Amino acid sequence: MMAAGQAAKAGANVLLLEKNQRLGKKLAITGKGRGNLTNSAAPEDFIAQFPGNGAFLYGALYRFTNEDLRRFFHDLGVPTVVERGGRVFPRSQKAQDLVDALQKFLETCGVEVRYGCKTTAILQEDGRVVGVRANVVNFSADAVVLATGGASYPGTGSTGDGYKLAQAVGHTITPVFPALIPLETAETWVGTLAGLSLRNVTVKLTVNGRIVAEEFGEMLFTHYGLSGPIILTVSRQAAQALSKKQPTHVHLNLKPALTAEQLDARILRDFQKNIRKQFKNSLNDLLPQKLIEPVIKLSGIPPELPVHQISREQRLQLQKIITDLTFTIKAVRPLKEAIVTAGGVSIKEIDPATMASKILPGLYFAGEIIDVDGNTGGYNLQAAFSTGYVAGLSAAKA
Ligand SMILES: Cc1cc2nc3c(=O)[nH]c(=O)nc-3n(C[C@H](O)[C@H](O)[C@H](O)COP(=O)(O)OP(=O)(O)OC[C@H]3O[C@@H](n4cnc5c(N)ncnc54)[C@H](O)[C@@H]3O)c2cc1C
């Protein structure tokens with residue numbers, strides 16, 4: 001949508017082919033329906049949020065910045081606000097407003113949109129693009145922008161078609177795998193915690209016993225394992241490790257703000273308060289209700305033991321569980337559930353200044369189809385908008 005509008009604004013005659021019956025199905029569900037369209041981070045920090053080929057985005061992000069994107073939507077009647085962690089949302093808190101604004105933009109710029117139109121081939125003649133085939137009809141064009149998204153959430157339209165289309169004209173597709181994906185644990189008891197969300201906790205991801213990522217913030221338990229922002233952030237590395245069959249664990253610290261001494265003092269204070277109670281009834285202030293039973297089980301301390309009989313060793317064991325609750329990661333959820341697809345059209349074959357294919361003149365790429373992926377926080381949408389902006393303007397000149 002961004003590419004089509006920018007190309008038309010620059011004077012091109014633009015046809016947008018969308019296989020769904022409406023535009024922006026995925027955009028409309030982003031940010032839990034609130035549309036986290038970008039992040040207010042400064043350029044260097046912004047790029048650092050792309051574990052997958054961030055450097056490729058330098059040119060595009062400088063040409064169409066997060067500020068430019070906010071101004072773009074503001075001018076279309078969608079003012080934005082910055083929330084915690086620099087996350088930018090429409091002030092209305094409605095992702096659909098972004099879709100509606102883009103649709104208005106397309107209309108104003110004179111883009112023709114065809115719905116229910118699935119592109120099945122890129123047409124070439126004498127070594128350059130001459131159009132596309134969609135619904136068994138050939139459309140001729142001087143330039144084609146491929147912006148078919150990744151391979152996750154296929155219900156929104158992104159079923160990975162673009163990878164096949166690009167491959168058919170000679171592009172390399174680096175293996176796609178889920179990034180920003182919930183994790184499945186071997187410990188099935190985690191299911192009893194489903195729905196519990198934790199704030200201000202730390203997770204460490206270890207692969208072969210070595211810490212490879214550490215995040216502080218919010219997470220969520222599900223019936224199959226772990227999810228929520230900090231889990232999604234470490235999930236890319238978990239997916240890579242699991243694909244190599246390396247032992248992968250998440251270590252959860254429920255009280256990262258406390259030193260060992262402070263936590264011990266805190267536990268002692270709670271024990272003092274509950275001195276006449278059994279151990280199982282002494283943790284209500286320290287832990288969320290749902291976590292009490294599993295923590296007790298893992299601590300090995302008999303639940304019925306009177307608090308005053310708990311030894312120092314047992315207390316230290318409890319402390320260990322609270323600061324290092326360990327989960328064995330057996331799998332990531334399937335690709336179709338990923339927030340973003342890692343891998344895609346190789347960046348080596350795309351000119352980062354124009355988004356032009358280095359393989360087939362007249363072909364351009366934008367968005368998640370490119371082998372670039374970022375963390376949660378609005379980074380992926382900004383990447384899609386910035387690359388779309390550049391691809392659209394470049395294609396208009398073709
Ligand atoms: C649940 C969820 C929440 C998310 N939340 C956020 C967020 O808050 N912030 C953020 O930055 N990112 C978020 N993302 C990621 C972000 O939505 C994507 O990275 C972004 O939408 C990619 O944009 P795109 O235009 O490349 O692809 P898409 O948005 O997937 O659009 C591709 C379009 O191409 C169409 N298409 C595909 N194949 C064909 C074909 N053969 N012919 C014709 N049309 C075709 C599809 O129907 C679709 O409309 C979220 C993703 C998900 C799944």
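### Re the domain arrangement of the protein
Accessible area lost upon the coming together of the parts is a frequently used measure of interface size.
Reasoning step 1: Taken as a whole, the protein is organised into domain 1 (2–178 + 340–397) and domain 2 (182–332).
Reasoning step 2: The centre of domain 1, based on its C-alpha atoms, is set 39 Å off from the matching centre of domain 2.
Reasoning step 3: The interface of domain 1 with domain 2 comprises nine residues on the first partner and nine residues on the second.
Reasoning step 4: Of the roughly 650 Å² buried between domain 1 and domain 2 on both sides combined, carbon and sulfur atoms contribute 53%.
Reasoning step 5: The interface formed by domain 1 and domain 2 includes two salt bridges.
Reasoning step 6: Notably, a salt bridge pairs R84 with E218, separated by 3.2 Å at the nearest N-O pair.
Reasoning step 7: Connecting domain 1 to domain 2 are two residue pairs in polar contact (both at pLDDT 80 or more).

### Focus on the sheet that holds strand β16 (residues 325–332)
Reasoning step 1: Spatial ordering of the closed barrel is given by β11-β14-β13-β12-β15-β16, a layout of six strands whose pairing is antiparallel. Averaged over all adjacent pairs, the angle separating strand axes in this sheet is 45°, with direction ignored.
Reasoning step 2: Across the sheet, helix α7 (residues 229–243) lies against β11 (183–185), β12 (197–207), β13 (210–221), β14 (225–227), β15 (248–253) and β16, angled at about 140° from β13, the strand it touches most.
Reasoning step 3: Packing against the sheet, helix α10 (residues 312–323) makes contact with β15 and β16, and its axis sits at approximately 115° to β15.

### Side note on the packing of aromatic side chains
Reasoning step 1: The full count for this structure, using the stated rule, is twelve aromatic pairs.
Reasoning step 2: Ring geometry for Y58 and Y62: centres 6.3 Å apart, planes at 5°, overall stacked. One end of the pair is Y58 and the other is Y62, both in helix α3 (residues 58–63) and four residues apart, which spans about a single turn.
Reasoning step 3: Residue class for Y58 comes out partly exposed when judged on its relative accessible area of 32%.
Reasoning step 4: Owing to a relative accessible area of 46%, Y62 belongs among the partly exposed residues under this scheme.
Reasoning step 5: Considering the side-chain rings of F72 and F73, the 5.1 Å spacing of their centres and the 85° angle between planes classify their relative orientation as edge-to-face. F73 matches F72 in its accessibility class, with the two residues each being buried.
Reasoning step 6: One residue, R34, lies across the ring of F89, its end atom 3.9 Å from the ring centre.
Reasoning step 7: Between R333 and the ring centre of Y224, over which it is positioned, the NZ or CZ distance is 3.9 Å.

### A short note on the environment of L220
Reasoning step 1: Along the chain, L220 falls in strand β13.
Reasoning step 2: The partly exposed category is assigned to L220, whose relative accessible area is 30%.
Reasoning step 3: For the pair L220 and F64, spaced 156 residues apart in sequence, the C-alpha to C-alpha distance is 34 Å.
Reasoning step 4: Residues in contact with L220, not counting those within four places in the same chain, are G195, L196, S197, G225, L226, S227 and G228.

### Comments concerning unusual backbone geometry
In terms of backbone geometry, most residues other than glycine have negative phi values and most peptide bonds are trans.
Reasoning step 1: At L180, a residue that is not glycine, the phi angle is positive and equals roughly 55°.
Reasoning step 2: Along the chain, L180 turns up in the loop between β10 (173–179) and β11.
Reasoning step 3: Under the relative-accessibility criterion, L180 is labelled buried at 3%.
Reasoning step 4: We note that N200 has phi near 55°; this positive angle belongs to a residue other than glycine.
Reasoning step 5: Tracing the backbone through its elements, the reader meets N200 in strand β12.

### Some remarks on helix α11 (residues 379–397)
Reasoning step 1: Here α11 contains 19 residues, and its C-alpha end-to-end distance of 28 Å stays within 8% of the 27 Å for a straight helix at 1.5 Å per residue.
Reasoning step 2: Most of α11 sits inside the fold, with 15 of its 19 residues counted as buried.

### Brief notes about the site of the ligand
Reasoning step 1: With respect to spatial proximity, 28 residues lie near the ligand, and among them E18, G31, D161, E368 and L381 are the closest.
Reasoning step 2: The side chain of E18 places a nitrogen or oxygen atom 2.6 Å from an oxygen atom of the ligand.
Reasoning step 3: N20 places a polar side-chain atom, nitrogen or oxygen, 3.2 Å from an oxygen atom of the ligand.
Reasoning step 4: Relative to its free-state accessible area of 1,000 Å², the ligand is covered by the protein chains to the extent of 89%.
Reasoning step 5: Top element by residues in the shell around the ligand is α11. It accounts for four residues.
Reasoning step 6: Grouping the constituent residues of the shell around the ligand by class yields nine nonpolar, 13 polar and six charged.

What counts and what doesn't
Residues numbered from 1 in each chain as written. Predicted model: local features only at pLDDT ≥ 70, side-chain atom pairs only at ≥ 80, totals over all residues. Heavy atoms only, no water. Domains from an automatic or database assignment. Contact = heavy atoms within 4.5 Å. Buried area = accessible area lost by both parts, 1.4 Å probe. Salt bridge = Lys/Arg side-chain N within 4 Å of Asp/Glu carboxyl O. Polar contact = N/O pair within 3.5 Å; in protein donor to acceptor, adjacent residues only side chain to side chain. Pairing = 2+ DSSP bridges. Helix = DSSP H or I, 4+ residues; strand = E, 2+ residues; numbered from the N terminus. Axes fitted to C-alpha atoms, helices over the stretch in contact; angles between N-to-C directions. Phe/Tyr/Trp six-rings, centres within 6.5 Å; stacked < 30°, edge-to-face > 60°. Buried < 20%, exposed > 50% of the residue type's maximum accessible area, 1.4 Å probe, protein only. Lys NZ or Arg CZ within 6 Å of the ring centre and 35° of its normal. Expected span 1.5 Å × (residues − 1). Near = heavy atom within 4 Å. Areas by Shrake-Rupley, 256 points an atom, 1.4 Å probe, with all protein chains shown as cover. Nonpolar A, V, L, I, M, F, W, Y, C, P; charged D, E, K, R; others polar.

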